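# Structure at a glance
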Amino acid sequence: MRIPDFKLERYFARWEFSAPYLLCTSDIEGWRMADLLALADPEARARWESLTLGYTESTGLPALREAIAGLYPGVAAEQVLTFAGAEEAVFVLVNVLLGAGDHAVVTWPGYQSLYEVARATGAEVTLLPLREEDGWALDMDAVRRALRPNTRLMVVNFPHNPTGSLPEPAVFEELCALAEERGVYLLSDEVYRLLELAPARTLPAAVERTARGVSLGVMSKAFGLAGLRVGWLACRDAELLRRCAAYKDYTTICNSAPSEVLALIALRAREQVLARSRAILEENLKRLDAFFARHAETFRWVRPRAGSVAFPRLLRDMPVATFCQELVEREGVLLLPGDVYEFPGNHFRMGLGRTQLPEALARLERFCEATFR
Ligand SMILES: Cc1ncc(COP(=O)(O)O)c(C=O)c1O
C-alpha cells in the first residue's frame, strides 16, 4: 500500500523533540513511571513484579480487556480488541472494512489517518466540513446528503481534534440511529472521551448505542500515557473483530507486555488518573480564556467544549504557517498551523494538556506584542 505523508506527524517529527515549549500537543502531560506504579492495587503490582517479557495474547491481556470493557456499560471483554495505539486500530479497521468500490464519509478538519488510510485502500472518501461559524457543530443533514448506496463507513471524532467540538446527545443518537438504519459502520474515534470538564457532558460510546458502532479508545490522551502505545476497538460485531484480529497478525501481532500491565493499573485507578487530567485542562483553559480576551484583535477563539485541543484563528494579515514558524524560531513555542490539516482560514491548533502551558503562553504573548504592535 502506498500512502501520502501524514502531515501532522511529519511536522512533529521536525519539532516535537527540539522546540522547548510545546503548545499544540494533543495528549495530556505524561505520567512518571513511579507515580503510576504507586497507584497499582496489590494484584496489579504482583503482575508487574512477576511479569515475563515474552509475547502476549494477540487479542490483548484478558484483565486489560476486562478493564477496558468496564468503560462501556453492557460491553464484555470479548468485545474489546487491543492495538498498539489508536493509530494501529484505525489502520487495521479501515483496511478490513474498505476497498475499491466502497465509500466513506469522514468529518474534516480531522486526524489525517481517519481519511487517508481509507483513500489508500482505494475507497472514495467524502470529507464533511465542520464550520467555525456553526461553532464546529456536526450537521446531520450534511451527513445524510453525503451517504451513497455504496457507503460502508462513517467516521466521526468527538470530542473533536482539532476543534474541541462535541455534539449534543440527541445529535449523536441520531448519528447512531442513522448507522443502524442504513447498515453503515460508524467508526467513532473517542480518544478524547472522558476529557469533558462537566462529566454529565460525556456522550455514550457508539458501541453502547448501535451494533454498527465501533468505539476507538486509547491510553494516550485522557489517561496521559501516550508512551504505552495501548489503544483498542470496542464493538459488538464479533465477526468484524475477528477479522481485525486476523489482520493484526500482519502489523504488531500483540501489545508490549509492560504496557499492558501499566495500562491495567491506570484503568483500575481511572478516577484518580482522569481527575489529574481534568485539573490540568481546567487550569489551562482559565489561562487561555484570559489570554484570548486580552488578544481579541489578534485571535478568534471558539472555546472547546471538551477534549485537550482547540483550533483558534489568527486574524492578522499574516499566513498562519509564517506565524507558527517565526514563533518557534524566536520563542521556542510550537503551534500547529491549520495547513497540516489542509484546512483554510488561518487556524492553528493549540494543546491544552501540558503543565508547561503558562510559560509557553507568556512567550506567545511576548511574541504577539512584538509582532502586532
Ligand atoms: C483523533 C485522533 N485519533 C487517533 C489518534 C492516534 O492516537 P495514538 O497516537 O495514541 O495512537 C490521535 C492522536 O493524536 C487523534 O488525535
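From a predicted model like this one, the values you see are computed outputs, not experimental measurements. Once a new chain begins, its residue numbering starts again from 1 and follows that chain's sequence as written. Restriction of local features to residues with pLDDT of at least 70 applies here, the model being predicted, together with a cutoff of 80 or more for giving and counting side-chain atom pairs; totals for whole chains, interfaces and linings are based on all residues. To get the side-chain values, take all heavy atoms of the structure and skip hydrogens and water.

Turning next to the overall build of the chain. Of the regular secondary structure elements, the chain holds 14 helices and 14 strands. Here the globule rule is a power law, 2.2 Å times the number of residues to the power 0.38, and the radius of gyration is based on C-alpha atoms. Against the 2.2 N^0.38 benchmark of 21 Å for 373 residues, the chain shows a C-alpha radius of gyration of 20 Å, consistent with a compact globule. Overall, the C-alpha framework of the chain stretches about 60 × 55 × 40 Å when taken along its three principal axes. Accessibility here uses a 1.4 Å probe with only protein chains present; expressed as a share of the type maximum, an area under 20% marks a residue as buried, one over 50% as exposed, and anything in between as partly exposed. When the 373 residues of the chain are sorted by exposure, 58% land in the buried category. Contacts between residues were defined by any pair of non-hydrogen atoms, one from each residue, lying within 4.5 Å. When contacts within the chain are restricted to residue pairs at least 6 apart in sequence, those whose partners lie at least 24 apart make up 75%. Counted as positive: Lys and Arg. Counted as negative: Asp and Glu, with His and the chain ends omitted from the count. In plain terms, the charge of a residue is placed at NZ if it is Lys, CZ if Arg, CG if Asp and CD if Glu. Of the side-chain charges in the chain, 43 are positive and 49 negative, and the distance between the mean point of each set is 1 Å. What counts as a helix is a DSSP run of H or I of at least four residues, what counts as a strand is a run of E of at least two, and both are numbered from the N terminus.

With that out of the way, let us pick up the domain arrangement of the chain. As far as domains go, the chain holds domain 1 (7-32 + 271-371) and domain 2 (50-269). Either an automatic procedure or a domain database provided the assignment from which the domain bounds are taken. On a C-alpha basis, the centres of domain 1 and domain 2 stand 25 Å from each other. The interface of domain 1 with domain 2 comprises 36 residues on the first partner and 35 residues on the second. Summing both sides of the interface, domain 1 and domain 2 together bury roughly 3000 Å²; the carbon and sulfur share of this comes to 56%. Here's the idea: put two parts together, see how much 1.4 Å probe accessible area each one loses, and the total over both is what we call buried area.

Here we take up the packing of aromatic side chains. Pairing of aromatic rings covers Phe, Tyr and the six-membered ring of Trp, with a centre-to-centre limit of 6.5 Å; geometry is then stacked below 30 degrees between planes, edge-to-face above 60, and tilted otherwise. Going through the model one piece at a time under the given rule, you end up with 15 aromatic pairs. Plain terms: the ring middles of Phe299 and Phe323 are 6.0 Å apart, the flat faces sit at 65° to each other, and that makes the pair edge-to-face. Pair noted here: Phe299 is in strand S9 (residues 299-300) and Phe323 is in helix H13 (residues 320-331), with a separation of 24 residues, a long-range link. A relative accessible area of 3% places Phe299 in the buried class. Through successive ring pairs, a cluster of aromatic residues spans Phe291, Phe292, Phe299, Trp301, Phe323, Phe348, Phe367 and Phe372. Positioned over the ring face of Trp15 is Arg14, at 3.7 Å from the centre of the ring. Charge over a ring is defined by NZ of Lys or CZ of Arg lying within 6 Å of the ring centre and within 35 degrees of the ring normal. Directly above the aromatic system of Tyr185 lies the positively charged group of Arg212, at a separation of 4.6 Å from the ring centroid.

We now examine the side chain of Thr82. In this structure, Thr82 sits in strand S2 (residues 80-83). Exposure remark for Thr82: the relative accessible area of 0% places this residue in the buried category. Setting aside anything within four residues of it in sequence, one finds Thr82 in contact with Thr59, Gly60, Leu64, Arg65, Ile68, Gly231, Trp232, Lys248, Asn255 and Glu260.

Below, the discussion takes up the nonpolar core. Residues enter a nonpolar core if they are buried and are Ala, Val, Leu, Ile, Met, Phe, Trp, Tyr or Cys, with the set joined through side-chain atoms within 4.5 Å. Ranked by size, the top nonpolar core spans 145 residues in total, and within it Phe323 and Leu364 carry the most contacts. In terms of domain composition, this core takes at least three residues from each of domain 1 (7-32 + 271-371) and domain 2 (50-269). The contact partners of Leu364, leaving out residues within four places of it in the chain, are Leu23, Phe291, Phe323, Leu327, Leu335 and Met350.

In the vicinity of the ligand there are 14 residues, among which Asn161, Asp189, Tyr192, Ser220 and Lys221 approach most closely. Whenever a nitrogen or oxygen atom comes within 3.5 Å of another N or O atom, the pair is scored as a polar contact, on the condition that within protein one atom can donate a hydrogen and the other can accept it, and that pairs from neighbouring residues in sequence are kept only if both atoms are in side chains. One of the side-chain N or O atoms of Ser26 is found 3.5 Å from an oxygen atom in the ligand. In the environment of the ligand, an oxygen atom lies 2.8 Å from a nitrogen or oxygen atom belonging to the backbone of Ala86. The fraction of the free accessible surface of the ligand (390 Å²) that becomes covered by protein chains is 93%. Broken down by element, the shell around the ligand gets its largest block of residues, 3 residues, from helix H5 (residues 85-97). Whether a residue is near a molecule or strand depends on its heavy atoms: it is near if one of them lies within 4 Å of it. Using the Shrake-Rupley algorithm and a 1.4 Å probe, accessible areas are obtained, with residue cover drawn only from the displayed protein chains.

A few words now on unusual backbone geometry. Here the amide bond leading from Phe158 into Pro159 is cis, since omega sits at -10°, within 30 degrees of zero. Residue placement: Pro159 occurs in the loop between strand S5 (151-157) and helix H8 (169-182). At the junction of Asn161 and Pro162, the peptide bond is cis and its omega measures out at 15° in the coordinates. Backbone geometry places Arg229, a non-glycine residue, at a positive phi of 55°. Mapped onto the secondary structure, Arg229 falls in the loop between strand S7 (213-218) and strand S8 (231-235). Under the relative-accessibility criterion, Arg229 is labelled partly exposed at 39%.

Moving on to the sheet that holds S2. Strand pairing is defined by DSSP finding a minimum of two bridges between the two strands. Reading across the sheet, the 7 strands line up as S2-S8-S7-S6-S5-S3-S4 and stay open at both edges, with mixed pairing between neighbours. Bordering the open sheet on either side are S2 and strand S4 (124-129), each of which pairs with just one other strand. Within the sheet, the average angular offset between the axes of one strand and its neighbour, ignoring direction, is 20°. Bridging between strand S6 (residues 185-189) and S7 involves 4 bridges; their strand directions are parallel. Axis lines are fitted through C-alpha atoms, for helices just across the contact stretch, and the angle between N-to-C directions can take any value from 0 to 180 degrees.

What follows is about the pattern of salt bridges. Salt-bridge detection follows one rule: a side-chain nitrogen of Lys or Arg within 4 Å of a carboxyl oxygen of Asp or Glu. One pass over the structure, following the stated rule, counts 23 salt bridges. Between Arg268 and Glu43 there is a salt bridge, with its nearest N and O atoms 2.7 Å apart. Of this pair, Arg268 sits in helix H11 (residues 257-268) while Glu43 sits in helix H3 (residues 42-49), and the two are 225 residues apart along the sequence. Exposure remark for Arg268: the relative accessible area of 38% places this residue in the partly exposed category. The exposure class assigned to Glu43 is partly exposed, which follows from its relative accessible area of 39%. What you see here is one network of salt bridges that share partners, running through Asp41, Glu43, Arg47 and Arg268.

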